[in-house]
2 protein chains.
Amino acid sequence: MQKRAWSLDIQDRSEQFQLKRQVVIETAARTFNERGFYKTTLADIAEELHIAKPTIYHYFKNKDEILFECHRLGIGQITDKPLPAGVNGVAQLKEFIERYVRMVVSDFGTCLVLTGTIALEPQNRDVVRKGRKEIDNMLRDIITRGIADGSIMPCDPKTTASFIFGQMNWIPYWYHSDGEVSIDELAERQVEFVMRSLARQK
Amino acid sequence: MQKRAWSLDIQDRSEQFQLKRQVVIETAARTFNERGFYKTTLADIAEELHIAKPTIYHYFKNKDEILFECHRLGIGQITDKPLPAGVNGVAQLKEFIERYVRMVVSDFGTCLVLTGTIALEPQNRDVVRKGRKEIDNMLRDIITRGIADGSIMPCDPKTTASFIFGQMNWIPYWYHSDGEVSIDELAERQVEFVMRSLARQK
DNA sequence: CGAACATTCGACCCAATGGTCGGCAATCGT
DNA sequence: ACGATTGCCGACCATTGGGTCGAATGTTCG
């Protein structure tokens, strides 16, 4: 539990601001994941950071914005860098799954899955939904391309993508990174399971 | 939206009581699923039923008990009847998946998945967790048995079960029964997807 | 009929929590 | 050095929503 990250002395003003802001987000995400969004009060987060509640409002407009930021950061882990081009469907699929599993076990990714979009206020919710839709389309496109190039078994891309997302999104509910299975191992098993179902053996 | 189910005249007193109680639960489950548990007030449920809020307390101790009942009913759909014996692993697996998919798209099943156990008060939460654990073990046992009898591909039952539950538990987040895919079709696709990954071809 | 009981609800309570305000202190720019 | 700005917080506010109370209205049954 890193907490005393607060009174860290860094010169640049706005840099310090951003840094502290980040610390708040991270702490919030962790707390949301532990106790659930609705059972986490701003006072809880403040206490965790050893600061007063109003201080949080110096960095954020309101609770909703904090959650929104968590979601944004989670989604960004997937949408920010493009997938490797010039490889066939299965290869892209593998890469996507590995990346997504890693996202989902991170604090922001877990928050994304556990808290869900219902908690967000309409405006932010729309933005998040758009981001998730984009990720959804990424996977669907991969599958479609894979079917076209013959590396993936013919199937309905929509349903199949949903199944795959289901497996991965459920990970935060049962997986604990301090257990016997490492994240690498987990990602590998996840890839294997999907591959056995979808990869077309030649 | 069936609402005027309230002033239904049935003779038996306790039967009427149970009936009305049931209507409250069903309405609550549907509302929880639409707006989310925390965004559903007891006043909302009461309004939906065209009754006053205190009336709900005639049938339930508190909000938590209503949610608990939803979970119990969902879990019961799986645990109440035993699986067919005398068949091999894959056959049982198929049966289990079909049954579970149907549970999960029902109002109570959806509530079970969407609301999660964090919302429940400790005592009720423990009971629900126990029920879920039981279901978890059912699937793990099926897989273990299937591996033993050679009908299922060797794999880690724990991880594999979690993957399968993931797929199915995620269904409420994306599936809408009024779309192009029927529940039967959905269950079938679900079985297929898992089978392709796990069934051992002889 | 009338006593007990069941059902319903208007009015009320109150604890929790998100959010605000005004001021104090530290820091910065000139 | 000193006014302006930033960072921080104690005290406070306002609303929401779960939950209670007591009374009014049926309903059952001896």
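Residues numbered from 1 in each chain as written. Chains lettered and ligands numbered in written order. Predicted model: local features only at pLDDT ≥ 70, side-chain atom pairs only at ≥ 80, totals over all residues.

Caption draft 1: The arrangement of the protein's contact with DNA strand D in detail. Around DNA strand D, 18 residues are found, and the nearest of them are A:Ile51, A:Ala52, A:Pro54, A:Thr55 and B:Asn62. Elements that contribute at least two residues to the surface near DNA strand D include exactly helix H1 (13-35) and helix H3 (53-59) of chain A together with helix H2 (42-49), helix H3 (53-59) and helix H4 (63-79) of chain B. Here the residues of the surface near DNA strand D sort into eight nonpolar, four polar and six charged. (Near = placed C-beta within 6 Å. Helix = DSSP H or I, 4+ residues; strand = E, 2+ residues; numbered from the N terminus. Nonpolar A, V, L, I, M, F, W, Y, C, P; charged D, E, K, R; others polar.)

Caption draft 2: Local environment of the relation of the copies chain B and chain A. Mapping chain B onto chain A calls for a rotation angle of 180° and an axial translation of 0.0 Å; the resulting RMSD is 0.0 Å. Here the transformation between the copies is reduced to the relation of a two-fold axis. Interface residue correspondence from chain B to chain A reaches 95%, placing this contact among same-surface, isologous pairings. (Least-squares fit on C-alpha atoms with pLDDT ≥ 70 in both. Contact = placed C-beta atoms within 7 Å.)

Caption draft 3: Here's a closer look at the protein's contact with DNA strand C. Neighbouring residues of DNA strand C: 18 residues in total, closest A:Thr41, A:Asn62, B:Ile51, B:Ala52 and B:Pro54. Elements supplying a minimum of two residues to the surface near DNA strand C: helix H2 (42-49), H3 and helix H4 (63-79) of chain A together with helix H1 (13-35) and H3 of chain B. Looking at the surface near DNA strand C, the element that brings in the most residues is H1(B), giving four residues. Considered class by class, the residues forming the surface near DNA strand C number eight nonpolar, five polar and five charged.

Caption draft 4: Structural detail: the nonpolar core. Formed by 96 residues in total, the largest nonpolar core has its most connected members in A:Cys70 and B:Cys70. Once you skip the residues sitting within four places of it in the chain, B:Cys70 turns out to touch B:Ile25, B:Ala28, B:Ala29, B:Phe108 and B:Cys111. (Core = buried A, V, L, I, M, F, W, Y, C linked by C-beta atoms within 7 Å. Buried ≥ 20, exposed ≤ 12 C-beta atoms within 10 Å, placed from the backbone.)

Caption draft 5: Examining the packing of helix H8 (residues 157-174) of chain A against helix H8 (residues 157-174) of chain B more closely. With their axes 7 Å apart at the nearest point, H8(A) and H8(B) run at an angle of 110° to one another. The pairing of H8(A) with H8(B) is recorded here as roughly perpendicular in orientation. When H8(A) is examined against H8(B), the residues A:Ser162, A:Phe163, A:Phe165, A:Gly166, A:Gln167, A:Asn169, A:Trp170, A:Ile171 and A:Trp174 are found in contact with a partner set consisting of B:Ser162, B:Phe163, B:Phe165, B:Gly166, B:Gln167, B:Asn169, B:Trp170, B:Ile171 and B:Trp174. Its residues assigned to classes, the contact of H8(A) with H8(B) shows ten nonpolar, eight polar and no charged. (Axes fitted to C-alpha atoms, helices over the stretch in contact; angles between N-to-C directions. Parallel < 35°, antiparallel > 145°, perpendicular 65-115°, else oblique.)

Caption draft 6: Representation of the interface of chain B and chain A within the structure. On the chain A side, the residues contacting the 19 residues of chain B number 18 residues. For the side of chain B that touches chain A, the secondary structure elements donating two or more residues are H8 and helix H9 (183-198) of chain B. Broken down by element, the residue count for the side of chain B that touches chain A peaks at ten residues, all from H8(B).

Honestly, it's all geometry; don't read function into it.
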